[in-house]
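Commentary on secondary and tertiary structure
Here's the letter readout for the chains.
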Amino acid sequence: PPFAKGGNSISPTLKKGDAGEFYDNQYEKWKSSHQPFHWFAEFYEIVHEKGGFDVIIGNPPYVEYSKVKNKYTIKGYKTESCGNLYAYVMEGSVNLVRDKGRFGMISPISLPSTPRMTPARDVLIKNSVFSWCSNFADRPGTLFTGVHQKLSIVLSKKHLLENNQHLLFTTSYKHWYSKENKDERKPLMETLCYVPAIKTSLCWLKTGNSIERSIYDKLTSQRHSISKSLNGTSSAFSLAMRMMYWGKSFTEPQQSNEYKNFKAPSSLDKKILVSIFNSTLYFWFWELISDGWHITAKELDNFFLDLNNMAPALKNSISNLTNMLIEDLDSKKGYVGTKQTDYEYYHKLSKPIIDEIDRVLAKHYGFTEEELDFIITYDIKYRMGRGSEGED
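For the structure given in this document, a descriptive report is provided here.

Procedures and definitions
- Residues numbered from 1 in each chain as written.
- Predicted model: local features only at pLDDT ≥ 70, side-chain atom pairs only at ≥ 80, totals over all residues.
- Heavy atoms only, no water.
- Axes fitted to C-alpha atoms, helices over the stretch in contact; angles between N-to-C directions.
- Helix = DSSP H or I, 4+ residues; strand = E, 2+ residues; numbered from the N terminus.
- Parallel < 35°, antiparallel > 145°, perpendicular 65-115°, else oblique.
- Left-handed = near helix turned anticlockwise from the far one by under 90°.
- Contact = heavy atoms within 4.5 Å.
- Salt bridge = Lys/Arg side-chain N within 4 Å of Asp/Glu carboxyl O.
- Buried < 20%, exposed > 50% of the residue type's maximum accessible area, 1.4 Å probe, protein only.
- Pairing = 2+ DSSP bridges.

A few words on the packing of helix α4 (residues 85-96) against helix α6 (residues 118-126). Contact geometry of α4 with α6 gives a least axis separation of 10 Å together with a crossing angle of 15°. On the basis of their axis angle, the class for α4 and α6 is roughly parallel. Regarding α4 and α6, the two cross each other, and that crossing is left-handed. Contacts between α4 and α6 pair Ala87, Met90, Glu91 and Val94 from the former with Ala120, Val123 and Leu124 from the latter.

Structure, rendered in structure tokens:
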């Protein structure tokens, strides 16, 4: 503090005997305005003598650092570049847990899913021997009633050993009903299934069973990222850059701010790419890796498809299915006339055609019947339910 005891902050012009009163007044003002708190001082026995708390659990504030930086700043945090208070609270909490103690926090889904939160994930990895990360959507049901926030719950066991191998386990991205006599929220925690995680430099994938790992391995065995096929010179197509339950892509540009136009190397490649983005396979991959809201460079760069290595017969099949899908979507669209778009497309009404697209893709990637069945039925109860096209 600026007026620390024993310091030299007292004005030399004060009369003898006034210094103590001046100090007390100024210190009390500073204490009231800054509200200082020091864990070491307030919990000396726990922090110093016992090495920290046995357990720390919490629900930190989800507030951007830029919104409060004019009021207070942080120093020396490894997570400073994360730019959100919840990352700082998590780092501080991890540091206050004793060795072999336990840590648990509820965080936004950005913690496992976004590159920006890599420093926060690194703090957890380097300070714990076990971590469990469960992941929750905000539709149709919410984890906290009335709060639409996609969330993760991270539990860790701290262990400070040299060359410590961190073991991470994750769940899939959970949806559930909480209304209309379909209350699946009560048993939600009891039915969570954790599996060894797939960690990349950009995120922790939200996997929940061994089939997903097998599908992911086959997907990433392809040589080229799909993003390499999005910078052609001739055949333009559109892709909605926001998603809820369905990917939406069209062979013609869409007059909506939610869509972005890309160019494929050829008209045939364009139809294949459009089918990919409308497929359940891509939706599953997007839920696995994304923040549950946007399609970013991460969701394009890490989906692998080798167009040059796809069998001509499969290309022709997918081309025909794309024509059928676009025609079917157009025949079933509804006029909404909003600022964002004139028409709403109902992909769930065209799912039989999308299923055929996934069957062709399964042949290309070499999926087993079990893996194909997993993709076709993935989240089907929620994707085919009310409000599954994105409307509230």
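Here the structure, examined in full by the defined rule, presents 13 salt bridges. Taking the shortest distance from any N to any O, the salt bridge between Glu371 and Lys218 comes out at 2.8 Å. Taken together, the residues span a long stretch of sequence, with Glu371 in helix α13 (residues 369-376) and Lys218 in helix α7 (residues 210-220) at a distance of 153 residues. The class of Glu371 is buried, set by a relative accessible area of 5%. Residue Lys218 is classed as partly exposed on the basis of its relative accessible area of 22%. With its nearest N and O atoms 3.0 Å apart, the salt bridge here joins Asp328 to Lys332. Residue Asp328 and its partner Lys332 are located together in helix α11 (residues 312-332), separated by 4 residues, close to a single helical turn.

We now examine the pairing of strand β7 (residues 235-240). Burial within β7 is extensive, with 5 of its 6 residues counted as buried. By the bridge criterion, 6 bridges tie β7 to strand β9 (residues 259-264) in an arrangement that is antiparallel. When the bridges of β9 are listed, Ala240 appears paired with Tyr259. Inspection of the sheet shows β7 paired to strand β8 (residues 249-250) by 2 bridges, in the antiparallel sense. Bridge assignment links Ser238 to a residue of β8, and that residue is Phe250.

With that out of the way, let us pick up the pairing of strand β3 (residues 128-136). β3 sits mainly inside the fold: 7 of its 9 residues count as buried. Bridge count for β3 against strand β4 (residues 151-158) is 8 bridges, and the pairing is antiparallel. Counted as the bridge partner of Ser131 is Ser156 from β4.

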